[in-house]
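If you want the building blocks of each chain, they are given just below.
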Amino acid sequence: MILGLAGCKKTPAADKPADASPEKARKKSITIGITQEPDTLFLPFKEMAASEEISRPTPYTLTIYDEDWALVPWAAKDIPTLDNGGLEVFEESGTKKMRSTWVIKDEFHWPDGKPLVADDFILTFEIYQDKSQEIIDRTVVEKIEKMEARGEDHKTLVVTWKEPYAYYATYRQHEAVPAHVVRPLYNQHRSDLKRQPFGTKPMLAGAFTISEWVPGSHIIARRNPAATGFLAPKLDEIIWRIIPQTNTLEANLVSGTVDAVSTIGLSFDQAVEFEKRHGKDFDVYFTEGLIWEHIDFNLDSDVLKDLKVRQALAHGANRAAISEKLFAGKQPVAHGSQPTRSAFYNPDVKKYPYDPAKAAALLDEAGWTRTGDGIRQKGGKPLAFTLMTTAGDKVREKVQALLQADWRELGVDVSIKNEPAKVLFGETLRHRKFDGGAMFAWMMDPGQMLDTLWRCDYIPQKDNNHQGQNYTGWCDPEADKLLKGMTTELDAQKRVEMAKRVEAIMAEQLPTLPLYFRVDVSATKKGLSGWKPTGHLQPVTWNAHEWVWE
């Protein structure tokens, strides 16, 4: 399938010299197929995995997790610790505080030649801190007292924390925006900053910078002319083609329209079959990781706010059969939010094996009785809700169909309503506009439990400018206290114990139905060197500067 571009805009291929052969062009560029379109590339406002993937070769962060799940310095020369003196815990007016000092590498520059400085990180912090901005996660920002630039060259960033913070070095909001470009925008357009054109064609940096975004078609990142040292890219250009249908995506890979499919692309079963048919021409990657497929229940629903109904749905879903039928058992059933490889994994949480009889009994206890058409009713209303997911995802649609059939046997009427990822994540979930369940995946960081998913104050609502990712609306006082406490606990073992207790509480209350842990799949044409999927929140593009065609 050839993707048409709107209006008279040139396709990326049309920008190449007429005498350049596809093979020569491929030596200096790569075209990646992706099923989702980003919500934005304005870093403080990004939410989707697609935004992470496309922005990751381009922004400056102080640290990253690599493919081995090791935390390594990126724009920072070193990671501050108590041992090297970069981290300091101190008392001020009877309050325990913390200070982390970062020294920024000299070889990092924006595409216009301006050096990366502490002020660029500080402006990002100011935007996150601004309550008028539609920021989804301020859990960390609220812990920071101030950020300061030091040194004549402003190459030292000093962060003073209101209290000790366990994840100071993995703080994802330590991302830089070019202050010399964004500061005027922020000053002049504060009320609609998120909607400024900078979000679709930002000046980002790193190895590449965004040069073009044609909605529904493609995004292009071109070499940052100021990138030097280890960050100097070997390719000139990365093109992402937005192809929502996974079958069409595979066809584009086979035909040569795209050179690679990212981890936001082929389904697991597609990748298995694709490797069997095309393994001699393509490298297919199966990466175990921290990708948790689950269903968020909207606990404001008259049906789903009843714990017995949620427990019945769990016992009535044959998740083991789904794992075997669709994934040959290679994507195991999840009983919590953490896989066995995670330090936070709790093997003793309450489990819900497939048991239709127990599920039926729970629904009987909850007052839902069978009727002539098989659908249960209570007070004259049917036991019904809507199950949503990302449109065009073949595997999720199969999972939906199997769950729909299982729950129909229990007398539950489940209707399917799917939306494009950009709409589902950017609007429906963000504003909690779903009446039943939403099936999707969270990609986790290796070193922390993401409290923005479950904290009481991170239920998106009008009063907090729809901040947070607690789409279920779950609020448990004990879990909330533990989640907040984990972030200030510097003892790693104590954090593990706290996280395991949160896992146990979640399993008891079932605000979400865990489904399985995904294996990240991606594919590239043979000959591409440096493709290193991670299996966690750091997308495959993290080391795009190393990619090269051999």
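Everything below is about the structure printed above this text.
Residues numbered from 1 in each chain as written. Predicted model: local features only at pLDDT ≥ 70, side-chain atom pairs only at ≥ 80, totals over all residues. Heavy atoms only, no water.

1. A few points about the overall build of the chain
Here's step 1: Within the chain, the regular secondary structure consists of 13 helices and 22 strands.
Here's step 2: Whereas a compact globule of 550 residues would reach a radius of gyration of roughly 24 Å, the chain reaches 24 Å, a difference of no more than 12%.
Here's step 3: Taking the principal axes of the C-alpha coordinates as reference, the chain spans close to 75 × 70 × 40 Å.
Here's step 4: Residues counted as buried form 59% of the 550 residues belonging to the chain.
Here's step 5: Across the chain, every contact between residues at least 6 apart in sequence was considered, and the portion connecting residues at least 24 apart equals 70%.
Here's step 6: Across the chain, the centroid of the 70 positively charged side chains sits 2 Å from that of the 78 negatively charged ones. (Helix = DSSP H or I, 4+ residues; strand = E, 2+ residues; numbered from the N terminus. Rg over C-alpha atoms; globule rule 2.2 N^0.38 Å. Buried < 20%, exposed > 50% of the residue type's maximum accessible area, 1.4 Å probe, protein only. Contact = heavy atoms within 4.5 Å. Lys, Arg positive; Asp, Glu negative; His and termini not counted. Charge placed at Lys NZ, Arg CZ, Asp CG, Glu CD.)

2. Examining the nonpolar core
Here's step 1: Among the nonpolar cores identified, the biggest contains 157 residues, and Ile30 and Trp407 are the most heavily contacted of them.
Here's step 2: Ignoring anything within four residues of it in the chain, the contact list for Ile30 reads Leu235, Glu237, Ile238, Ile239, Asp259, Ala260, Leu528, Trp531, Trp547 and Trp549. (Core = buried A, V, L, I, M, F, W, Y, C linked by side-chain atoms within 4.5 Å.)

3. Observations concerning the pairing of strand β10 (residues 208–214)
Put simply, side chains in a regular strand alternate between the two faces of the sheet.
Here's step 1: The buried fraction of β10 amounts to seven of the seven residues, a majority that puts the element mostly inside the structure.
Here's step 2: Two strands pair when backbone bridges link them, and β10 and strand β11 (residues 218–223) are joined in this way by six bridges, in the antiparallel orientation. Bridging from a neighbouring strand, Thr209 pairs with Arg222 of β11.
Here's step 3: The turn linking β10 back onto β11 is made up of three residues, and Gly216 within it adopts a positive phi angle of 80 degrees. (Pairing = 2+ DSSP bridges.)

4. Focus: the packing of helix α6 (residues 268–278) against helix α10 (residues 394–409)
Here's step 1: Running from N to C, α6 and α10 point in directions that differ by 125 degrees, and their axes come no closer than 8 Å. With respect to their mutual orientation, α6 and α10 come out oblique. Between α6 and α10, the contacting residues are Phe268, Asp269 and Gln270 on the first element and Lys394, Val395 and Lys398 on the second.
Here's step 2: Across the contact of α6 with α10, the residue classes tally to two nonpolar, one polar and three charged. (Axes fitted to C-alpha atoms, helices over the stretch in contact; angles between N-to-C directions. Parallel < 35°, antiparallel > 145°, perpendicular 65-115°, else oblique. Nonpolar A, V, L, I, M, F, W, Y, C, P; charged D, E, K, R; others polar.)

5. Describing the state of the cysteines
Here's step 1: Evaluated as defined, the whole model comprises one disulfide.
Here's step 2: Note on cysteine connectivity: Cys456 is disulfide-linked to Cys475, with sulfurs 2.1 Å apart. As the torsion about the S-S bond is roughly 100 degrees, the Cys456-Cys475 disulfide counts as right-handed. Separated by 19 residues along the polypeptide, Cys456 in the loop between β19 (437–443) and α12 (477–486) and Cys475 in the loop between β19 and α12 bring together distant segments of the chain.
Here's step 3: For Cys456, a relative accessible area of 17% translates into the label buried. (Disulfide = S-S within 2.5 Å.)

6. Considering a nonpolar patch on the surface
Here's step 1: Nonpolar side chains collect at one region of the surface, where Leu82, Val89 and Leu490 lie side by side and expose about 250 Å² of accessible area between them.
Here's step 2: Mapped onto the fold, Leu490 is located in the loop between α12 and α13 (492–509).
Here's step 3: The partly exposed category is assigned to Leu490, whose relative accessible area is 39%. (Patch = residues over 30% accessible without salt bridge, like charges linked within 9 Å, V, L, I, M, F, W, Y side chains within 5 Å. Areas by Shrake-Rupley, 256 points an atom, 1.4 Å probe, with all protein chains shown as cover. Salt bridge = Lys/Arg side-chain N within 4 Å of Asp/Glu carboxyl O.)

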